[in-house]
Amino acid sequence: MPRLSQEKINEIRQSVDIVEVIGNYLPLERKGRNYIALCPFHNDSHPSMSVSPEKQIFMCFVCHHGGNVFTFLQEYLKISYLEAVKMVAQMGNVDLGDFTFYEEKKPVNKKTEPFYLMHEEANRIYKHYLSTKLALEAKNYLTQRELSQDIIDHFEIGYAPDQNILLSAFEKSGFTKMQAYASGLVIESQVGYDRYHDRIMFPLHNSEGRVVGFSGRIYRSSQKEAKYMNSPESSIFIKGDTLYNYHRVKESVRDAGKIIVLEGFMDVIALYKAGIKNAVAIMGTALTSNHLRMLKRLSNDVVLCLDGDQAGKNAMMKCIDAMALAGFNIGVVVIPDQMDPDEFLKAKGKDELNALFKNPQSAIDFKMSYHYERINVENYEDRKKYLESMVEMIATLDDLVDRDYYIEQLVKKSGFSKEIIYQLLSQKPHEKQPIPFQPITYDQSTKMIDKYQKAERNLLYYMMQNKSYAMQYEAKAGYMYDKINRLIASYIIDYYRQYVVLEIADLISMIDDDEIVKRILEISSQHLPKETSNQAIDDYIKIIQEKMEVERIKQLESEMAQTYDPRQQAKILQEIINSKEKE
Ligand SMILES: [Zn+2]
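Residues numbered from 1 in each chain as written. Predicted model: local features only at pLDDT ≥ 70, side-chain atom pairs only at ≥ 80, totals over all residues. Heavy atoms only, no water.

Going by the annotation in an unreviewed UniProt entry, the name recorded for the protein is DNA primase, with Faecalibacillus faecis given as the source organism. In UniProt, the protein has this text filed under Sequence similarities (unreviewed entry): "Belongs to the DnaG primase family." (UniProt positions renumbered as here; feature names shortened; annotations may be inferred.)

Listed below in structure tokens is the structure:
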């Protein structure tokens, strides 16, 4: 069966517009000839990623992620190169005929793979036990909590019986005792004691959907142990890297345009019961920067809803600040009467829960109420302090309508007049100026590159623009001093052996080396005049040749320093003199 040729891959790439494809995942904004977006590959707070419809490439000016449409899909969706090619072929309706894809298998990590496999096996076993007689009471409890079979299947809920079952199962599958103990699922003892006994089991997955841990819940009032028991952290389970349900929400987040962040996995399941599928939960930790990065990968809009008690509200304040810093648009839902989502669902029904999450309050609204609850309104000093800190917050708002709305709110809450608020605001410098978009182009950021490096890069830039310049280089110089530049030049020459016009997006899909691709993107995004002349090309070539001479003389001089033979020294000296005369 034929494999995909470079021509076919180019055809697939050209069947779509990179702007449209990236636009499916990120909001793009037109900026001159390009489009810009918040870069999903670093913690971006103002748009640093640029997408060029002309060159069909994208590039981040801060973290330097860049490439063509395949690269974007690969990195954004965490898929393989071939999966990305296949996806684009589908989007562009390119018939692949009987081309086969040889999927590259991800290299297996020998150290962690057994732990993943044991967790998968435990998950299978627990799911099986939920359908046995041993789990009758547990099943009743689930029915009582209105967890239907659909939900049990969807969230892979299981049951750990009051027996030690895992060690023998693991040994049968070829794992050693030591591996079983190290998995955290079996506790080292004479019988190999299972960590979980007589609990309803909820598997926890990593972002790729592999089981990495469990949360076990008691279900009888007679059980006196902790209500929930989570797996201990391990090499495969890190709470700060785990968001419950994350691996299932990609599509629903895309459809809803936002991601909901909840306190615990039972909250996620409660929302699912009400038909809200775009929710994840932090697993009993503070929100980490890794969590933020994971969320960013799916959406720039979050709705935050943690517990309604004091601890929950304090945590929400912290989350809001961290999320705002990371550039998220934040909505906040506070469930009335300190209920959790499941209690609210039971009390008020699906429609009201949906309404609550459809109309989140703004982060500022939340902060205003949060601080308001903490002051004594009878106390003048309290009210004054409240006023001052809220004015500071309002001063950061750009939108005049928003400002007016919150000033109105503040009048109601603080009891001070609108006039005094305006006066205080006028004393505040308007702090949050929108940061103008300034791509840090190569030339500005690295003034340190010497004239030789610059000549090589400029020459490469024009070689990519026009085949005749590439031919001129090949005929007259054929060599660059910098190794990466030299390789790029040879890729360009190779490219022109088959094609007349060079597409940067196709050129980089032929190259496997990240460093080379990065350099090509840097070079092609230089701000140089579009047109040049043969004379200018010759000048670049001259500078490059000059560099070769300088380096040759250096080489000769070091040879001379190492030799003691006077005749040899004289010979080298003559060569040096000849070289210098040529200059
Ligand atoms: Zn970036």
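Engineer: Describe the coordination of the zinc ion, listing the residues and the values that go with them.
Structural biologist: Ideal geometry at a metal centre: 109.5 degrees between donors when four sit tetrahedrally, and 90 or 180 degrees when six sit octahedrally. Around the zinc ion, the protein supplies Cys-39 (SG), His-42 (ND1), Cys-60 (SG) and Cys-63 (SG) as donor atoms, at distances of 2.1 to 2.2 Å. Taken together, the 4 donor atoms surrounding the zinc ion define angles of 102 to 114° at the centre, an arrangement classified as tetrahedral. Considered as a linear motif, the donors of the zinc ion on their single chain read C-x2-H-x17-C-x2-C. Taken together, the residues span a long stretch of sequence, with His-42 in the loop between strand 2 (34–37) and strand 3 (49–52) and Cys-60 in strand 4 (residues 57–60) at a distance of 18 residues. As far as the burial class goes, His-42 and Cys-60 line up, both buried. (Donors = N, O, S within 2.8 Å, 3.2 Å for Na, K, Ca; no water. Tetrahedral: all angles 85-135°; square planar, octahedral: opposite > 155°, others 65-115°. Helix = DSSP H or I, 4+ residues; strand = E, 2+ residues; numbered from the N terminus. Buried < 20%, exposed > 50% of the residue type's maximum accessible area, 1.4 Å probe, protein only.)

Engineer: Hey, could you go over a negative patch on the surface for me, with residue numbers and the actual values?
Structural biologist: Taken together, the side chains of Asp-512, Asp-513, Asp-514 and Glu-515 define an acidic patch exposed on the protein surface. In this fold, Asp-514 is placed in helix 25 (residues 514–524). Owing to a relative accessible area of 65%, Asp-514 belongs among the exposed residues under this scheme. (Patch = residues over 30% accessible without salt bridge, like charges linked within 9 Å, V, L, I, M, F, W, Y side chains within 5 Å. Areas by Shrake-Rupley, 256 points an atom, 1.4 Å probe, with all protein chains shown as cover. Salt bridge = Lys/Arg side-chain N within 4 Å of Asp/Glu carboxyl O. Lys, Arg positive; Asp, Glu negative; His and termini not counted. Charge placed at Lys NZ, Arg CZ, Asp CG, Glu CD.)

Engineer: Please give an account of helix 22 (residues 467–476) that cites residues and values.
Structural biologist: Among the residues of helix 22, those classed as buried are Tyr-469, Ala-470, Gln-472 and Tyr-473. Along the axis of helix 22, the buried residues cluster in a sector spanning 155°; they form a single face. Buried residues along helix 22 sit in contact with helix 21 (451–465), helix 23 (483–498) and helix 26 (534–562). N-cap assignment for helix 22: the residue whose side-chain oxygen lies 2.8 Å from the backbone N of Ser-468 is Asn-466. Positioned one or two residues after helix 22, Gly-478 has a phi angle of 70°, which is positive. (Arc of directions from axis to C-beta. Contact = heavy atoms within 4.5 Å. Polar contact = N/O pair within 3.5 Å; in protein donor to acceptor, adjacent residues only side chain to side chain.)

Engineer: Could you give an account of the sheet that holds strand 3, with specific residues and numbers?
Structural biologist: Paired through backbone hydrogen bonds, the strands of a sheet run either parallel or antiparallel to each other. Here we have 5 strands laid out as an open sheet, ordered 1-2-3-4-5, and antiparallel in their pairing. The sheet is open, and its two borders are formed by strand 1 (29–31) and strand 5 (66–67), each paired with just one other strand. Two elements, strand 1 and strand 2, share 3 bridges in a ladder whose sense is antiparallel. When the sheet's bridge partners are listed, Lys-31 is paired in strand 2 with Asn-34. (Pairing = 2+ DSSP bridges.)

Engineer: Lay out the packing of helix 21 against helix 26 in plain terms, naming residues and giving numbers.
Structural biologist: At their nearest, the axes of helix 21 and helix 26 sit 9 Å apart, and the two run at 140° to each other. As the angle between them shows, helix 21 and helix 26 are arranged oblique. The handedness of the crossing between helix 21 and helix 26 is left-handed. Listed contacts from helix 26 to Lys-451, Tyr-452, Ala-455, Glu-456, Asn-458, Leu-459 and Tyr-462 of helix 21 are Ile-537, Tyr-540, Ile-541, Ile-543, Ile-544, Glu-546, Lys-547 and Val-550. Split into classes, the residues belonging to the contact of helix 21 with helix 26 amount to 10 nonpolar, 1 polar and 4 charged. (Axes fitted to C-alpha atoms, helices over the stretch in contact; angles between N-to-C directions. Parallel < 35°, antiparallel > 145°, perpendicular 65-115°, else oblique. Left-handed = near helix turned anticlockwise from the far one by under 90°. Nonpolar A, V, L, I, M, F, W, Y, C, P; charged D, E, K, R; others polar.)

Engineer: Describe the packing of helix 17 (residues 380–395) against helix 18 (residues 400–414), with residues and values.
Structural biologist: Put simply, helix 17 and helix 18 touch, their axes get as near as 11 Å, and they point 175° apart. Our classification of the angle between helix 17 and helix 18 gives roughly antiparallel. Listed contacts from helix 18 to Arg-383, Tyr-386, Leu-387, Met-390, Val-391, Ile-394 and Ala-395 of helix 17 are Arg-403, Tyr-406, Ile-407, Leu-410, Lys-413 and Ser-414.

Engineer: Before we move on, could you go through helix 3 (residues 69–77) and cite the residues and values that matter?
Structural biologist: A large share of helix 3 lies buried, amounting to 7 of its 9 residues. Listed as buried for helix 3 are Val-69, Phe-70, Thr-71, Phe-72, Leu-73, Tyr-76 and Leu-77. One side-chain oxygen of the residue at the start of helix 3 lies 3.1 Å from the amide nitrogen of Phe-70, identifying that residue as Asn-68.

Engineer: Give me the nonpolar core: which residues, what numbers.
Structural biologist: Counting residues in each nonpolar core, the largest one holds 63 residues, and the members touching the most others are Leu-166, Phe-170, Tyr-244, Leu-262, Ile-269 and Phe-357. With 8 residues, the top contributor of residues to this core is helix 5 (residues 113–130). Among the domains, domain 2 (113–237) and domain 3 (241–368) are the pair contributing at least three residues each to this core. Tyr-244 has contacts with Phe-155, Pro-203, Leu-204, Phe-265, Val-268, Ile-269, Ala-279, Val-280, Ala-281 and Met-283, leaving out every residue within four places of it along the chain. Of all hydrophobic cores here, the second largest spans 37 residues; its members include Leu-460, Met-480, Ile-492 and Ile-523. (Core = buried A, V, L, I, M, F, W, Y, C linked by side-chain atoms within 4.5 Å. Domains from an automatic or database assignment.)

Engineer: How would you sum up the environment of Ser-579? Please name residues and give values.
Structural biologist: Tracing the backbone through its elements, the reader meets Ser-579 in helix 27 (residues 566–582). Residue classification places Ser-579 among the buried residues on the basis of a relative accessible area of 2%. Apart from the residues within four sequence positions on either side, Ser-579 is in contact with Glu-549, Arg-552 and Ile-553.

Engineer: An account of the UniProt feature "domain: Toprim" (unreviewed entry) in the protein is requested, with residue identities and associated values reported.
Structural biologist: According to UniProt, the "domain: Toprim" (unreviewed entry) feature falls on residues 257–340. Split by type, residues 257–340 is 42% helix and 20% strand. Its first and last C-alpha atoms lie 24 Å apart.

Engineer: How would you summarise the UniProt feature "zinc finger region: CHC2-type" (unreviewed entry) in the protein if you had to cite specific residues and measurements?
Structural biologist: The UniProt feature table records "zinc finger region: CHC2-type" (unreviewed entry) at residues 39–63. Overall, residues 39–63 shows 0% helix and 32% strand. The separation of its end C-alpha atoms is 9 Å.

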